Amino acid sequence: TNLKKTDEGKNIGPGGPAIMSSPTPLDVQPILALDGYLSPFIPAIQHRYEKFREWKDSIEIHEGGYDTFSQGYRRFGINVQPSGEIVYREWAPNAKEAFLIGDFNDWNRSSHPMERDDFGVWQIALPPKNGVPVIEHDTKLKISLILPSGERIERLPAWITRVTQDLSVSPVYDARFWNPPTGEKYYFKHPHPPQPSSVRIYEAHVGISSTEGKVGTYKEFTRDILPRIHKLGYNVIQLMATMEHAYYASFGYQVTSFFAASSRYGTPEELKELIDTAHSMGLTVLLDMVHSHACKNVLDGLNQFDGTDHQYFHAGGKGQHDLWDSRLFNYGHHEVLRFLLSNLRYYMDEYQFDGFRFDGVTSMMYLHHGIGTGFSGGYQEYFGGEVDEEGVVYLMLANDLLHTLYPSVITIAEDVSGMPLLCVPVPQGGIGFDYRLSMAVPDMWIKLLKHKHDDEWSMGDIVHTLTNRRFREKSVAYAESHDQALVGDKTLAFWMMDKEMYTNMSDITPLTPVIERGLSLHKLIRYACRCVTCPRSWGEGYLNFEGNEFGHPEWLDFPREGNGNSFHYARRQWNVVDDDLLRYKYLNNFDAAMNHLEDWYHWLSEPQAYVSLKHEGDKVIVFERANLLFIFNFHPTQSFADYRVGVEEPGEYHA
């Protein structure tokens, strides 16, 4: 089943855009049926919906609709025409002169001037030579700008699709003209898999996926890691750190070139092959999308691209993220919307991704960006003066565009605030995501392990946290986050087994109480996250970070000055799970068994789970879902024989 694009902009003809009729007012009754507590905030919900409609209508009238507007990458940046002519366009309104420079003209700063239109867009067309583009494939180039002050600055094209870094020369990236010959281009062979009814997500980072102390490659991931993921029973891959980022240790969250897939791991064609191969295995592939902020780099980023601090970003302090030391987009600007929405479209069309996990959604939706703010759940926090309406409306536009053009797309929000209507379709007054991450769940497990003895765990509190979701809004649960794997923190396995992971994980050594407890709780915690899902949602998901399925024995530490730029901990030790003498295999096998069981019974996509028992003394949780009876015994010392539990469905049950 292929993702299909609908025919947006079809009302555009020779006479220009059709006259837009007044939009249908938002029907608030479904919102109130979903959550009656939203009643006092209906005016705020209607207002943001009206702002969304204003932007959508403006795009329809002035740009021809979503389909045309979101293909900005075909107009801006460097594009090769069928004739071999190269056309380069760049928006730089503050510049007074602009020149294209590069290897092709020996970096001559005056030989190839660009022309400016009334909107600050610069353009140059380079005729072909004997039908061949005059700029050679994979050669370097830049745009050189003259500012009103007379100062000359040089930048990487904002829409560039390939940048490379040579750390032996400089940490600054070089822009490259990517136009491989036909024989070197990758052509997709496999259709997109059908949208899964429930998502079992494997979150992966290509660079750390090698057992060796180095940066892993797309080719190696395709060959070595995709078969592992498939065998484990996951049906979705979420690729981290794929958009180009200057600092490797940023986990990919300091993006410099938004349209460039990271060259650390290989070429664009090799990433396409990875995605296509995943599709051939029935795996859906999501991109970790960073539109919440941008790296503040000037020479190889968007910051001060045309010499001002307010081209793509807000000016002054409003455009600075104090915690992340990065720049914040101006979501209320027409050209910024073109850039960001086209960025989504580019990865969907050019790389055939199936959707996105949006990073930093909390930062996007609030003027305080979540810094120093605790969310109590009071609804005034979601609709008051601290909400960044432009950020919310951008997310509505992004989700509406994606779900309009690609009905099978999946979008996931990383939000810690609990914003109501986050996962309600935009036409119904929501922000339009399909899923939200259940970010309170991993925090709960860490707090229990750090601050409570096993016999102090509250079954009621565990069930409450696992099931505390917005009504009819789908969530993705996870036992631990990728941040916990970083040096300075601990994974669940490390919290429970610590130094004994180095000495007592072999089957030829005695099974110590620490290892036995760690193995058992690791399985129970992850199984509970997969199963004890919200009784008020229709469909849920589960996420695992690469390596945590088998209790990866060491932390993750990217090369940096503080560790001698070592890659020793910036890798995944697949050798320990492949060693049949080590006990990591039991965690890995249990993880696979859970996934395959869910694939057979589909409980994540069932409408409800009925929790019938939360026994604090016995430390037992019992619930039913998808005609299955789940019984969890969290007691640290007691097992129970002939344990009687009630069931909603009478009959004979088999283990």
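Calculation rules
Residues numbered from 1 in each chain as written. Predicted model: local features only at pLDDT ≥ 70, side-chain atom pairs only at ≥ 80, totals over all residues. Heavy atoms only, no water. Helix = DSSP H or I, 4+ residues; strand = E, 2+ residues; numbered from the N terminus. Rg over C-alpha atoms; globule rule 2.2 N^0.38 Å. Contact = heavy atoms within 4.5 Å. Areas by Shrake-Rupley, 256 points an atom, 1.4 Å probe, with all protein chains shown as cover. Lys, Arg positive; Asp, Glu negative; His and termini not counted. Charge placed at Lys NZ, Arg CZ, Asp CG, Glu CD. Patch = residues over 30% accessible without salt bridge, like charges linked within 9 Å, V, L, I, M, F, W, Y side chains within 5 Å. Salt bridge = Lys/Arg side-chain N within 4 Å of Asp/Glu carboxyl O. Core = buried A, V, L, I, M, F, W, Y, C linked by side-chain atoms within 4.5 Å. Buried < 20%, exposed > 50% of the residue type's maximum accessible area, 1.4 Å probe, protein only. Pairing = 2+ DSSP bridges. Axes fitted to C-alpha atoms, helices over the stretch in contact; angles between N-to-C directions. Parallel < 35°, antiparallel > 145°, perpendicular 65-115°, else oblique. Left-handed = near helix turned anticlockwise from the far one by under 90°. Nonpolar A, V, L, I, M, F, W, Y, C, P; charged D, E, K, R; others polar. Disulfide = S-S within 2.5 Å. Expected span 1.5 Å × (residues − 1). Phe/Tyr/Trp six-rings, centres within 6.5 Å; stacked < 30°, edge-to-face > 60°. Lys NZ or Arg CZ within 6 Å of the ring centre and 35° of its normal. Right-handed = clockwise from strand over helix to strand, strands pointing away. pLDDT = per-residue confidence, 0-100.

### As for the overall build of the protein chain
- Scanning the protein chain from N- to C-terminus turns up 15 helices and 24 strands.
- Computed over the C-alpha atoms, the radius of gyration of the protein chain is 26 Å, within 12% of the 26 Å expected from 2.2 N^0.38 for a compact globule of 655 residues.
- Overall size of the protein chain, expressed as C-alpha extent along the three principal axes, is 85 × 60 × 45 Å.
- When contacts within the protein chain are restricted to residue pairs at least 6 apart in sequence, long-range pairs at least 24 apart make up 71% of them.
- Surface summary for the protein chain: the accessible area is close to 27,000 Å², and the carbon and sulfur share equals 50%.
- Of the charged side chains in the protein chain, 60 are positive and 87 negative; the average position of the first set lies 1 Å away from that of the second.

### Side note on a nonpolar patch on the surface
- Judged by side-chain polarity, Leu 597, Trp 600 and Tyr 601 come together as a nonpolar surface patch covering roughly 340 Å² of accessible area.
- As for its placement among the helices and strands, Leu 597 is situated in helix H15 (residues 584-601).

### Notes on the nonpolar core
- Core analysis: the biggest nonpolar cluster contains 178 residues, and Leu 239, Tyr 312, Phe 329, Phe 358, Tyr 394, Trp 445 and Trp 457 have the highest contact counts within it.
- It is helix H9 (residues 389-405) that provides the largest number of residues to this core, a total of 10 residues.
- Setting aside its immediate chain neighbours within four residues, Trp 457 contacts Trp 445, Leu 448, Leu 449, Lys 452, Ile 462, Leu 521, Ile 525, Glu 616, Lys 619 and Phe 634.
- If you look at the next biggest cluster of nonpolar residues, it comprises 12 residues, including Leu 437, Val 476, Tyr 478 and Leu 543.

### Thoughts on the pairing of strand S2 (residues 86-91)
- Extensive coverage of S2 is indicated by the burial of 6 of its 6 residues.
- Pairing of strand S1 (residues 77-80) with S2 involves 4 bridges; the strand directions are antiparallel. Looking at the pairing, Asn 79 lines up with Val 87 of S2.
- In textbook terms, the turn of a hairpin is the stretch between consecutive antiparallel strands, and for S1 and S2 this stretch comprises 5 residues, one of which, Gly 84, has a positive phi near 100°.
- Of the pairings in the sheet, the one linking S2 to strand S5 (residues 121-126) comprises 6 bridges and is antiparallel in character.

### Regarding the packing of helix H4 (residues 218-232) against helix H5 (residues 268-280)
- It is the contact of H4 with H5, at a shortest axis distance of 8 Å, that shows an interaxial angle of 20°. Between H4 and H5, the angle is such that the two are roughly parallel. Crossing hand, H4 versus H5: left-handed. Judged by residue contacts, Tyr 218, Lys 219, Phe 221, Thr 222 and Leu 226 of H4 engage Glu 270, Leu 271, Glu 273, Leu 274, Thr 277 and Ala 278 from H5.
- Residues belonging to the contact of H4 with H5 are distributed by class as follows: 6 nonpolar, 2 polar and 3 charged.

### Details of the pattern of salt bridges
- What the rule picks out here adds up to 36 salt bridges.
- Linking Glu 473 and Arg 436 is a salt bridge whose minimum nitrogen-to-oxygen distance equals 2.9 Å. With Glu 473 in the loop between helix H11 (459-467) and strand S20 (475-478) and Arg 436 in strand S19 (residues 435-437), this pair connects stretches of sequence that are 37 residues apart. There is no split in this pair, since Glu 473 and Arg 436 are both buried.
- Close ionic contact of Arg 530 with Asp 591 constitutes a salt bridge, the shortest N to O distance being 3.1 Å. One end of the pair, Arg 530, is in helix H13 (residues 513-531); the other, Asp 591, is in helix H15, with 61 residues separating them in the sequence.
- Taking the relative accessible area as the measure of exposure, Asp 591 reaches 0% and is therefore buried.

### Looking at the state of the cysteines
- Scanning the entire structure with this criterion turns up 0 disulfides.
- No disulfide involves Cys 529; its sulfur sits 9.4 Å from that of Cys 531, the nearest cysteine.

### A word on H13
- Helix length check: H13 (19 residues) gives 27 Å between terminal C-alpha atoms against 27 Å at 1.5 Å per residue, within 8%.
- Turning to H13, its buried residues are Ile 515, Gly 518, Leu 519, Leu 521, His 522, Ile 525, Arg 526, Tyr 527, Ala 528, Cys 529, Arg 530 and Cys 531.

### Brief notes about the packing of aromatic side chains
- Counted by the stated rule, this structure contains 49 aromatic pairs.
- Between Phe 41 and Tyr 379, the ring centres sit 6.1 Å apart and the planes meet at 45°, which makes this aromatic pair tilted. Within this pair, whereas Phe 41 is found in the loop between helix H1 (29-34) and helix H2 (42-63), its partner Tyr 379 is found in the loop between helix H7 (361-365) and helix H8 (380-383), the two being separated by 338 residues in sequence. Each member of the pair, Phe 41 as well as Tyr 379, carries the same accessibility label: buried.
- Taking NZ or CZ as reference, Lys 474 lies 4.6 Å from the ring centre of Tyr 435, over its face.
- The residue whose ring lies beneath Lys 490 is Trp 495, and the NZ or CZ to ring-centre distance is 4.8 Å.

### So, the pairing of strand S10 (residues 199-205)
- Of all 7 residues making up S10, 7 are buried, and the element is well covered by its neighbours.
- Burial of S10 is two-sided: the residues Val 199, Ile 201, Glu 203 and His 205 facing one way and the residues Arg 200, Tyr 202 and Ala 204 facing the other way are all buried.
- Pairing between S10 and strand S21 (residues 541-545): 5 bridges, direction parallel. For Tyr 202, the partnering residue across the bridge sits in S21 and is Asn 544.
- Note that the unit made of S10, H4 and strand S11 (residues 236-240) has a crossover that is right-handed.

### What to know about the sheet that holds S11
- Read around the closed barrel, 8 strands run S10-S11-S14-S17-S18-S19-S20-S21, paired in parallel fashion. Strand-to-strand, the axes of this sheet are offset by a mean angle of 30°, without reference to chain direction.
- In this sheet, S20 lies alongside S19 in parallel orientation, the contact comprising 2 bridges. Counted as the bridge partner of Leu 437 is Val 476 from S20.
- Contacts between H9 and the sheet are confined to strand S17 (355-358) and strand S18 (410-413), with S17 contributing the most and set at about 165° to the helix.

### Comments concerning the confidence of the model for the protein chain
- Averaged over the protein chain, the pLDDT score is 92; the fraction of residues at 70 or greater is 95%.
- Ignoring residues within four places in sequence, the model shows residues 1-21, a span with pLDDT below 50, making 42 contacts including any to other chains.

### Quick look at unusual backbone geometry
- Positive phi, close to 70°, is recorded for Leu 421, a residue that is not glycine.
- Among the secondary structure elements, Leu 421 is positioned in the loop between S18 and S19.
- The residue Asp 498 is not glycine, and still its phi comes out positive at about 45°.
- Position of Asp 498 among the secondary structure elements: in the loop between helix H12 (492-497) and H13.

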